[in-house]
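Each chain is listed here by its residues.
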Amino acid sequence: MARLFDWGAKESHRGTPVVVKMENPNWSMVELEGPSEEDILMTNPSSRDKGRGKNAKQLTWVLLLKAHRAAGCLTSIAPALYALVSAVKRRVASGRTDAETDTEGGGGDGGWEKENPTVKSWHFSAPHLELWAPAFGVKDVFDWFYARWVLVRVDYLAPPLQFLTNACIVLFLIQSIDRLVLCLGCFWIRFKKIKPVPKGGGGGDLDLESGEKGFFPMVLIQIPMCNEKEVYQQSIAAVCNLDWPKSNFLIQVLDDSDDPITQSLIKEEVQKWQLEGANILYRHRVIRDGYKAGNLKSAMNCSYVKDYEFVTIFDADFQPTPDFLKKTVPHFKDNDELGLVQARWSFVNKDENLLTRLQNINLSFHFEVEQQVNGVFLNFFGFNGTAGVWRIKALEEAGGWLERTTVEDMDIAVRAHLHGWKFIFLNDVECQCELPESYEAYRKQQHRWHSGPMQLFRLCLPDVIRAKISIWKKFNMIFLFFLLRKLVLPFYSFTLFCIILPMTMFVPEAEIPAWVVCYIPAIMSFLNILPAPKAFPFIVPYLLFENTMSVTKFNAMISGLFQLGSAYEWVVTKKSGRSSEGDLASLIEKPKHQRGSSAPDLEEMKEEIRKQEENVTKKKKKKYNKMYMKELALACLLLTASARSLLSAQGIHFYFLLFQGVSFLLVGLDLIGEQVD
C-alpha cells in the first residue's frame with residue numbers, strides 16, 4: 001500500500017503488482033499499486049542488450065505510473081481527512097474511543113487493545129475541537145461565526161460604546177438641568193411680574209403734536225436686504241410709518257442685490273416714499289464683501305452717522321409696529337450703561353404648515369425663556385441681528401461690525417458685553433416677521449446659526465479669558481452660552497439618539513436606560529412647549545423633529561469648530577412675502593398725517609395682493625421634492641434598529657426608534673413644509 005503522507009519516498013519492494021485491502025470500523029480504502037520501474041526494466045532481460053532505442057519508451061511509461069500513483073494519493077487525502085474528522089466527532093459525542101466501544105461489545109480485538117493500552121489515551125476535548133475542526137454544516141458554520149462576533153462585541157465594541165453612552169447621558173442631564181433652571185427663572189419672572197422699566201420715564205409716550213418736550217433722540221434706521229423682492233415693500237412701508245419725529249430719524253435702505261430688476265424695484269419704492277415726505281435713502285454697494293456685516297459696516301462709515309445717537313436694525317421681512325421706537329428708545333434715558341434693547345419676534349405665518357408650527361415652538365422658548373431670563377438676571381444675551389436698538393457708542397467701543405463669522409450679531413453682542421455694556425430684552429414688544437416655509441431654507445438657516453457660534457468661540461475665547469469681568473460672567477459665557485447651549489446640545493442629541501441608541505440594538509451589551517429614552521425627553525419637550533401652549537398637540541412631532549434637525553446642527557457645529565469648507569457659507573433665507581390685508585391697510589393710514597403726502601389707494605393694495613397670490617400659485621407648480629441623503633441613511637439605520645428591537649422585545653426602544661426613523665424618512669424625502677423651487 002502506498003503511504004498517504006510519504007508517497008514520495010522510495011519503494012523497497014520488487015515484484016508483481018499487489019492489491020492490499022485494509023478495513024476498520026471507521027473507513028476502508030483499496031489501493032492498486034503498479035509495478036515499479038525496476039520491475040519493468042527487468043521484465044524483459046533482453047531489453048538491456050537492445051541498446052538505447054527502448055529507454056525513452058520505458059522512461060515514459062515509468063513517469064506515467066508515478067503520476068498515476070501521485071494522483072491517487074492526492075485524491076485519497078480528502079476522504080481520509082473527512083473520515084478522520086467523522087471518527088473524532090463520534091468519539092467526542094460518545095465520550096469514549098472506538099476501542100472502548102469494541103471492548104464493551106465483546107469484539108475479537110479486545111485482547112489486542114489490552115495489550116496496547118495507549119489506544120485509550122487518544123482523546124480530544126470539545127473546546128479544543130471547536131477551534132480547529134468546525135462542523136461542515138451551514139448552521140454550524142453560522143453558529144461558529146456568531147460566537148466569534150459575540151466575543152468581539154463583548155471585548156471590543158461594548159466597552160467604548162458604553163463609555164460614550166454614559167458620557168452623553170451626563171451631558172444630557174447637565175443640559176436638562178440648565179433647561180429646568182431657565183424655566184424656573186421664567187416662572188419667577190411671571191410670578192413676580194418683573195418687567196424692565198425705563199429709568200427716565202416713558203418720554204416716548206408723549207404726544208408728538210402736544211408741544212411737550214419728550215425724549216426723542218436722533219435714531220438711524222437700517223434695512224439691510226439682498227435679492228428679497230418678495231418683502232421689500234412691506235418692510236419699507238412699516239419703517240416709514242414709525243411714530244417718531246421725521247426730523248429725528250433717518251432710514252437707510254442697504255441694498256446688496258445683484259439682480260438689476262430687484263435693484264430698480266427697491267429704488268423706485270424708496271423714491272416713492274421720499275416724495276411722500278419720508279426721510280429715507282437708498283444705498284447700493286459696488287463691492288459686496290462680508291455679507292450682512294460688510295453691508296452694515298459700510299453704512300456706518302457714512303459721514304452723517306455721527307449726528308445720530310442710536311441705530312435700529314430691521315431685516316427685510318420685519319414689520320415693526322408704529323410705536324416700536326416709543327417702547328424701546330426710552331430705556332436708554334438716564335441709563336448710560338445700556339448698550340442694546342432687543343424686542344421679541346412674532347410670526348405672520350406660524351400656522352402655515354407643520355414646519356412653521358414646530359419653528360414657532362422652538363423660537364418661543366428661545367425668546368420668552370432663554371433671552372428673557374438672561375436679560376433679567378445677567379443683562380446679557382445674544383443679539384438677534386434685527387428688531388433691536390443699539391447705542392452707537394457701544395458699537396464703536398466694541399470694534400464695530402466684523403465679517404469674520406456668519407453670526408455678526410452674536411459677535412458684536414459678545415464684544416460689547418466684554419466691554420461692560422448691558423442689554424435689555426423686552427418680551428412685550430413684538431416685531432412681525434416670517435418663518436422659513438421650506439425645509440431647504442430652514443436647513444440652510446440653521447446651518448449658519450450653528451456654525452457661526454463655533455467660529456466665534458474659537459476667535460473670542462482668548463478675549464473672554466483676558467476680559468476684566470467677573471469670574472461668574474466668564475463662566476456663563478464660556479460654559480453656558482457657548483459650550484452647553486451651542487456645542488453640547490447638538491452633540492449629545494445627534495450622538496445619543498441617532499447613533500448610540502440604534503447601535504445598542506446590535507450591541508446589546510451596551511445599554512441605555514429607559515428613562516433616558518422616554519421620560520427625560522418627554523419632560524424637556526413639555527417644558528419647551530410651555531411658552532406656546534396652543535402648540536401642545538405637536539409635542540411629539542416637536543421632539544422627533546428636533547432630533548432630526550440635530551444632524552444638520554451637528555454637521556454645522558463640526559464645520560464651524562474645525563473651519564471646514566461650509567463654515568462660511570451664507571445663503572439668504574428665502575421669504576414668501578406673506579402679509580395680511582389688515583396689516584397693509586393699517587400701514588396706509590399713517591401717511592395721511594404727513595404734510596404733502598398721498599396715501600396709496602386701498603384698491604391698488606388689494607390688486608397687488610391678488611397679483612402676488614397669483615405669482616405664488618404659479619411658482620407652486622414648479623416646486624419639487626429634494627432628497628436629503630444623510631437623513632435617508634439615518635432613517636434606514638433607525639428603522640433597521642427598530643426591527644431588531646422588536647425581535648428582542650424591547651418595547652420603549654422599539655417605539656422610539658420606529659417613530660424617529662419615520663421622522664427621518666419624511667424629512668429625507670422633503671415631505672415636511674413647502675417644497676423648493
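Residues numbered from 1 in each chain as written. Predicted model: local features only at pLDDT ≥ 70, side-chain atom pairs only at ≥ 80, totals over all residues. Heavy atoms only, no water.

## Section: the overall build of the protein chain
And step 1. The number of helices and strands found in the protein chain is 21 helices and 10 strands.
And step 2. Across the 677 residues that make up the protein chain, the buried fraction comes to 45%.
And step 3. At a minimum sequence separation of 6, the contacts of the protein chain that also span at least 24 residues come to 78%.
And step 4. Entry remark: accessible area of the protein chain is about 35,100 Å², with carbon and sulfur atoms responsible for 61%. (Helix = DSSP H or I, 4+ residues; strand = E, 2+ residues; numbered from the N terminus. Buried < 20%, exposed > 50% of the residue type's maximum accessible area, 1.4 Å probe, protein only. Contact = heavy atoms within 4.5 Å. Areas by Shrake-Rupley, 256 points an atom, 1.4 Å probe, with all protein chains shown as cover.)

## Considering the packing of aromatic side chains
And step 1. If you walk through the whole model with that rule in mind, you get 29 aromatic pairs.
And step 2. With a centroid separation of 5.8 Å and 75 degrees between ring planes, the pair formed by Trp390 and Phe423 is classed as edge-to-face. With a gap of 33 residues between them, Trp390 in strand 9 (residues 388–391) and Phe423 in strand 10 (residues 422–433) connect regions that are remote in the sequence. An identical accessibility class is assigned to Trp390 and Phe423; each is buried. (Phe/Tyr/Trp six-rings, centres within 6.5 Å; stacked < 30°, edge-to-face > 60°.)

## Looking at the pairing of strand 8 (residues 338–347)
And step 1. Here strand 8 lies mainly inside the structure; 10 of its 10 residues are buried.
And step 2. Pairing between strand 8 and strand 10: 9 bridges, direction parallel. Bridging across to strand 10, Leu338 finds its partner in Lys422.
And step 3. Relative to strand 9, strand 8 is paired through 3 bridges, and the arrangement is antiparallel. Residue pairing for strand 9: Val341 is matched across the bridge by Val389. (Pairing = 2+ DSSP bridges.)

## Section: unusual backbone geometry
The general pattern is negative phi for most residues beyond glycine and trans for most peptide bonds.
And step 1. Although it is not a glycine, Lys193 adopts a positive phi angle of roughly 55 degrees.
And step 2. You can see Lys193 is positioned in the loop between helix 6 (138–192) and strand 3 (219–225).
And step 3. By relative accessible area, Lys193 is classed as exposed at 72%.
And step 4. One non-glycine residue, Gln563, adopts positive backbone phi at about 55 degrees.

## So, the packing of helix 15 (residues 471–506) against helix 17 (residues 539–561)
And step 1. Running from N to C, helix 15 and helix 17 cross one another at 125 degrees; their axes reach a closest spacing of 8 Å. Classified by the interaxial angle, the pair formed by helix 15 and helix 17 is oblique. Along this stretch, helix 15 crosses helix 17, giving a crossing that reads as left-handed. Taking contact as the criterion, the partners of Lys486, Leu487, Pro490, Phe491, Ser493, Phe494, Thr495, Phe497 and Cys498 in helix 15 are, on helix 17, Glu546, Asn547, Ser550, Val551, Lys553, Phe554, Met557 and Leu561.
And step 2. Grouping the constituent residues of the contact of helix 15 with helix 17 by class yields 10 nonpolar, 4 polar and 3 charged. (Axes fitted to C-alpha atoms, helices over the stretch in contact; angles between N-to-C directions. Parallel < 35°, antiparallel > 145°, perpendicular 65-115°, else oblique. Left-handed = near helix turned anticlockwise from the far one by under 90°. Nonpolar A, V, L, I, M, F, W, Y, C, P; charged D, E, K, R; others polar.)

## What about the sheet that holds strand 5 (residues 280–284)?
And step 1. Taken in spatial order, the 8 strands line up as 5-4-3-6-9-8-10-7 in an open sheet, and their pairing is mixed. Taken across any chain shown, the strands that pair with only one partner, and hence form the sheet edges, are strand 5 and strand 7 (319–320).
And step 2. Contacting strand 8 and strand 10, helix 11 (residues 354–377) crosses the sheet at an angle of about 155 degrees to strand 8.

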